Amino acid sequence: MAETVNASSSDAVDFSERRWALVVAGVVALVFAVIIFASVHWAAQPPSNVETIDASSLHLSGEFMEANLGTAVQPDGSAVVRVIAQQYSFVPSCIVVPTDTPVVFRMTSPDVIHGLLIAGTNINSMVVPGFVAEVRTRFDKPGEHLMPCHEYCSVGHEGMWARVKVVDRREFARDYGGQQRASCVR
Amino acid sequence: MTPTYDDRKETYVSAAFHPENVALQGDEDEVQKIVASGPRGALALAGLTVALLLALWFAFFILVYLPRGAIG
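Nothing here was measured: the structure is a model prediction, and the numbers come from that model.

**Considering the overall build of chain A**
So, point 1. Helix and strand counts for chain A stand at 2 helices and 10 strands.
So, point 2. Secondary structure elements of chain A occur, N-terminal to C-terminal, as α-β-β-β-β-β-β-β-β-β-β-α.
So, point 3. Structurally, chain A occupies a C-alpha span of about 90 × 40 × 25 Å along its principal axes.
So, point 4. Across chain A, the fraction of contacts at a sequence separation of at least 24, relative to all contacts at a separation of at least 6, is 63%.

**Description of the domain arrangement of chain A**
Accessible area lost upon the coming together of the parts is a frequently used measure of interface size.
So, point 1. In terms of domains, chain A is made up of domain 1 (1–45) and domain 2 (55–176).
So, point 2. Between the C-alpha centres of domain 1 of chain A and domain 2 of chain A the distance comes to 45 Å.

**Section: the interface of chain A and chain B**
So, point 1. Every contact between the two is made by 28 residues of chain A and, on the other side, 21 residues of chain B.
So, point 2. Looking at the side of chain A that touches chain B, the elements with two or more residues in it are helix 1 (2–42) and strand 8 (133–138) of chain A.
So, point 3. Of all the elements, helix 1 of chain A adds the most residues to the side of chain A that touches chain B, at 14 residues.
So, point 4. Partitioned by chemical class, the residues of the side of chain A that touches chain B number 16 nonpolar, 9 polar and 3 charged.

**Section: the sheet that holds strand 10 (residues 161–167) of chain A**
Residue and element names in this part refer to chain A.
So, point 1. As summarised here, the arrangement of the 3 strands in space is 4-10-9, forming an open sheet in which the pairing is mixed. The two strands at the open ends of the sheet, each matched to only one other strand, are strand 4 (94–98) and strand 9 (143–148). The sheet shows a mean angle of 25° between the axes of neighbouring strands, direction not considered.
So, point 2. Note: strand 9 against strand 10, 6 bridges, orientation antiparallel. By the bridge assignment for strand 10, His145 is matched with Val164.
So, point 3. Where helix 2 (residues 169–176) meets the sheet, it contacts strand 4 and strand 10, and its direction lies at approximately 125° from that of strand 4.

What counts and what doesn't
- Every residue gets a number counted from 1 within its own chain, in the order that chain's sequence is written.
- Chain A is the first chain written and ligand 1 is the first ligand written, with later ones labelled in order.
- Selection of residues for local features in this predicted model requires a pLDDT of at least 70, selection of side-chain atom pairs for listing and counting requires 80 or more, and totals for whole chains, interfaces and linings are taken over all residues.
- A run of H or I in DSSP counts as a helix once it spans at least four residues, and a run of E counts as a strand once it spans at least two, with each numbered from the N terminus.
- A pair of residues counts as a contact when their C-beta atoms, built from backbone coordinates, are within 7 Å of each other.
- An automatic or database domain assignment supplies the residue ranges for each domain.
- Classification used: nonpolar for Ala, Val, Leu, Ile, Met, Phe, Trp, Tyr, Cys and Pro, charged for Asp, Glu, Lys and Arg, polar for all others including Gly.
- The criterion for strand pairing is that DSSP finds at least two bridges linking the strands in question.
- Inter-axis angles, ranging from 0 to 180 degrees, are taken between N-to-C directions of lines fitted to C-alpha atoms, where helices are fitted over the stretch in contact.

Take a look at the structure:
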């Protein structure tokens, strides 16, 4: 009697474990499927641009000269925002971008590692000297976002932040369309 | 102040040594009958915790990540 009951209890445990393993595999598969669908549907990916730049001559020539910083509207209508992150400020410190427009943030650092984070969005990247951080996004609605440095960059880190002002694309064209490199720094 | 009670004189026995707490109650057949119905309590507990975890993950995904927009 005891042996037959032993066999059935062992079967019951085996069955439960197999069933639970299937449930766990299903949960993992579901989470992966959702992530893969969102990534493919959105073409979303972690910012992984590997592009080098000479950090010692940023201010002298090339893409990140001071006159080239800010938001530049491209011939195809998209916007490229070029920003320098330095101890202890972002230049420009007020960034203006239009809604419903593909926006590319390009940022680099002349000194130490800083962070690019725009509150209320998924934008989050490191800014490493010698490399250009690039993040592509699109803003659906107007608003203002805080952009703090989120990599500790030394004693003035807590005061290093900028603002990102998202304005309606028509308003952007009207108010900032005449500027080669737009910003909302007053 | 002098202590009025010396607890070192007491003999303490762990609850784990009391047969009524740890010994098999009933016979082996009874235990096997219970085990034969499967670990329903463990499955209910594990199912509930995994369901909660999954619900929280989806809540963050749908309510926080998706509204924040795509990046690339």
